[in-house]
Amino acid sequence: MRIVLLGAPGSGKGTQAALMVERLGIPHISTGALLRNAAKRGTELGLKAKSIIDRGELVPDEIMSDMIEERLGREDVADGFILDGYPRNLAQAKSLDTMLERLNQPTNEAIQIDVDLDQLVKRIARRAKKEGRSDDTEEVVRNRMRVYHEQTAPVIDYYADRGLLSHVLGDGEVEEVLERILSVLSVNQTST
Ligand code: B4P
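What this report covers is the structure whose coordinates are included nearby. Quantities reported herein were computed from a predicted structural model and do not represent experimental measurements.

Core analysis: the largest hydrophobic core is formed by 25 residues, its most contacted members being Val59, Leu72, Leu83, Leu96 and Tyr159. Looking at this core, the elements that each hand over two or more residues are strand S1 (2-7), helix H3 (44-53), helix H4 (61-72), strand S3 (81-84), helix H5 (90-102) and helix H7 (138-161). No other element matches H4, which puts five residues into this core. Non-local contacts of Val59, meaning those with residues more than four positions away in its chain, are made with Leu35, Ala49, Ile52, Ile53, Met64 and Gln92. Ile124, Val168, Leu178 and Leu182 belong to the second-largest nonpolar core, a separate cluster that totals 24 residues.

Here it is as structure tokens:
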């Protein structure tokens, strides 16, 4: 199963993807995590990305498509993957489709996790206290939300037009949201 997870910053994409790995047995690919790891390692790309992330902007498409192409070329994605944080604009969505067509592995499902703005702001404020992520400050979060509405929201229609999109309510307990996602994917929901 090749799944694209969509949703605003703080909607729970990373949280749900981590749980889905256990239930679906396919890898989680988070572009945010890949970028943060590169920054931590102090690579040239990572340091360049960090200054962009810290402003709440999107890292350039060429960097992201190279990164994702390298990751999708690895053996562990043979049975599928959960993509979290990519694509984040229409150019990335088109580039992903081209890449996956070449690999003969088109996206099967796109899931949009819907959470209202008040909740998003509360969750990120909580994470800011706990983890101190440098892009979780109030000013940067405001910019990330703006970027999301301007650049990422059109990706929702892109998948809807292809008949691949499902909406899932992201409110409530993490496990409840997971069950909603598994139900959309028609995966056996019996807890293990
Ligand atoms: P991401 O790492 O994708 O950051 P995010 O949008 O905040 O999502 P994340 O997965 O971390 O949070 P989640 O919703 O799970 O991106 C960071 C930056 O990297 C971007 O701003 C951009 O600069 C750059 N970037 C990444 N991909 C890119 C791309 N493709 N192109 C260009 N640039 C790119 O969770 C948020 C919080 O909510 C957590 O603390 C969690 O515990 C909590 N939470 C989750 N579910 C909950 C629930 N049901 N109830 C209560 N709390 C919940």
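With that out of the way, let us pick up the site of the ligand. Every one of the 29 residues lining the ligand counts as a neighbour, but Gly12, Thr31, Glu57, Arg127 and Arg144 are closest to it. Contacts to the ligand include Lys13, whose side-chain N or O atom sits 3.1 Å from an oxygen atom. Interatomic distance of 2.6 Å between a side-chain N/O atom of Arg144 and an oxygen atom of the ligand. In isolation the ligand has 1000 Å² of accessible area, and contact with the protein removes 89% of it. Contributions of two or more residues to the shell around the ligand are made by helix H1 (13-24), helix H2 (31-41) and helix H6 (117-131).

Scanning all chains against the criterion turns up 14 salt bridges. Residue Arg102 pairs with Glu69 through a salt bridge whose shortest N-O separation is 2.4 Å. Taken together, the residues Arg102 in helix H5 and Glu69 in helix H4 connect sequence positions 33 residues apart. A residue is classified by how much of its surface remains accessible, and Glu69, at 36% relative accessible area, is partly exposed. One salt bridge in this structure joins Arg162 and Asp97, with 3.8 Å as the shortest N-O distance. Linking Arg162 in the loop between H7 and strand S5 (165-169) with Asp97 in helix H5, this pair joins segments that are 65 residues apart in sequence. On the basis of relative accessibility, which here comes to 17%, the residue Asp97 falls in the buried class. Residues joined in a network through salt bridges with shared partners are Arg127, Arg133, Asp135, Asp136 and Arg144.

The rules behind these values
- Residues numbered from 1 in each chain as written.
- Predicted model: local features only at pLDDT ≥ 70, side-chain atom pairs only at ≥ 80, totals over all residues.
- Heavy atoms only, no water.
- Core = buried A, V, L, I, M, F, W, Y, C linked by side-chain atoms within 4.5 Å.
- Buried < 20%, exposed > 50% of the residue type's maximum accessible area, 1.4 Å probe, protein only.
- Helix = DSSP H or I, 4+ residues; strand = E, 2+ residues; numbered from the N terminus.
- Contact = heavy atoms within 4.5 Å.
- Near = heavy atom within 4 Å.
- Polar contact = N/O pair within 3.5 Å; in protein donor to acceptor, adjacent residues only side chain to side chain.
- Areas by Shrake-Rupley, 256 points an atom, 1.4 Å probe, with all protein chains shown as cover.
- Salt bridge = Lys/Arg side-chain N within 4 Å of Asp/Glu carboxyl O.

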